[in-house]
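Here's the letter readout for the chains.
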Amino acid sequence: MTWEESVGPSPIAEELQSLRRQLHDREEQLAERPVIDQAKGMLMQDFGVSAPDATALLASLAQDSSLEVQEVAERLVRRLRGTASGDTAERTAHKIEQLRELLGDPQQLGG
């Protein structure tokens, strides 16, 4: 029998449970960061966008595709891995549009 079970529902036990849930949520958020940061880095390197623009682009792609930013980042990292290039601004815009289209078709991104 755990300590929480032995004392029954009390304010302290409820607070402890709440803190455990918060800790779990924070751990999940931290676990998501590396792939989001990777995706941002790839967008910055491959497409020549700034860090704030990469963040905004991920958010926009997520919103447009009704996916979480984490899922968009995972799909982009899988899709873009090993495809670095020196695109011009015009080609960058075209590639970003292609990314938007690919996000609409999960099969294209392996999702």
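Figured I'd write up the structure that's included with this text. (Residues numbered from 1 in each chain as written. Predicted model: local features only at pLDDT ≥ 70, side-chain atom pairs only at ≥ 80, totals over all residues. Heavy atoms only, no water.)

1. Section: the overall build of the chain
Scanning the chain from terminus to terminus reveals five helices and zero strands. Reading the chain from its N terminus to its C terminus gives the helix and strand order α-α-α-α-α. For the chain, the proportion of its 111 residues judged to be buried stands at 30%. Of the contacts made within the chain by residues no fewer than 6 positions apart, 56% connect residues no fewer than 24 positions apart. Surface summary for the chain: the accessible area is close to 7,400 Å², and the carbon and sulfur share equals 52%. (Helix = DSSP H or I, 4+ residues; strand = E, 2+ residues; numbered from the N terminus. Buried < 20%, exposed > 50% of the residue type's maximum accessible area, 1.4 Å probe, protein only. Contact = heavy atoms within 4.5 Å. Areas by Shrake-Rupley, 256 points an atom, 1.4 Å probe, with all protein chains shown as cover.)

2. With respect to the pattern of salt bridges
This structure, assessed with the given rule, holds one salt bridge. As a salt-bridge pair, E71 and R75 come within 2.6 Å of each other at their nearest N and O atoms. You can see E71 and its partner R75 sitting in helix α4 (residues 69-80), four residues apart, about one turn around the helix. By relative accessible area, R75 is classed as buried at 6%. (Salt bridge = Lys/Arg side-chain N within 4 Å of Asp/Glu carboxyl O.)

3. Notes on the nonpolar core
With 20 residues, the main nonpolar core has L43, F47, L58, V72, L76 and L80 as its most contacted residues. Going through the elements one at a time, α2 (11-47), α3 (51-65), α4 and α5 (89-104) are the ones with two or more residues in this core. Sort the elements by how many residues they give to this core and α2 lands first, with six residues. In this view, L80 contacts M42, L43, D46, F47 and L99; residues no more than four positions away in its chain are not counted. (Core = buried A, V, L, I, M, F, W, Y, C linked by side-chain atoms within 4.5 Å.)

4. Quick word on α3
The end-to-end C-alpha separation of α3 is 21 Å, in line with the 21 Å expected for 15 residues at 1.5 Å each. Those residues of α3 lying buried are A54, L57, L58, L61, A62 and S65. Looking straight down α3, one finds that the buried residues subtend no more than 130 degrees of arc, so they occupy a single side. Counted as exposed and oriented over 90 degrees from the buried face of α3: P52, Q63 and D64. Following α3 by one or two positions, S66 adopts a phi angle in the positive range, close to 60 degrees. (Expected span 1.5 Å × (residues − 1). Arc of directions from axis to C-beta.)

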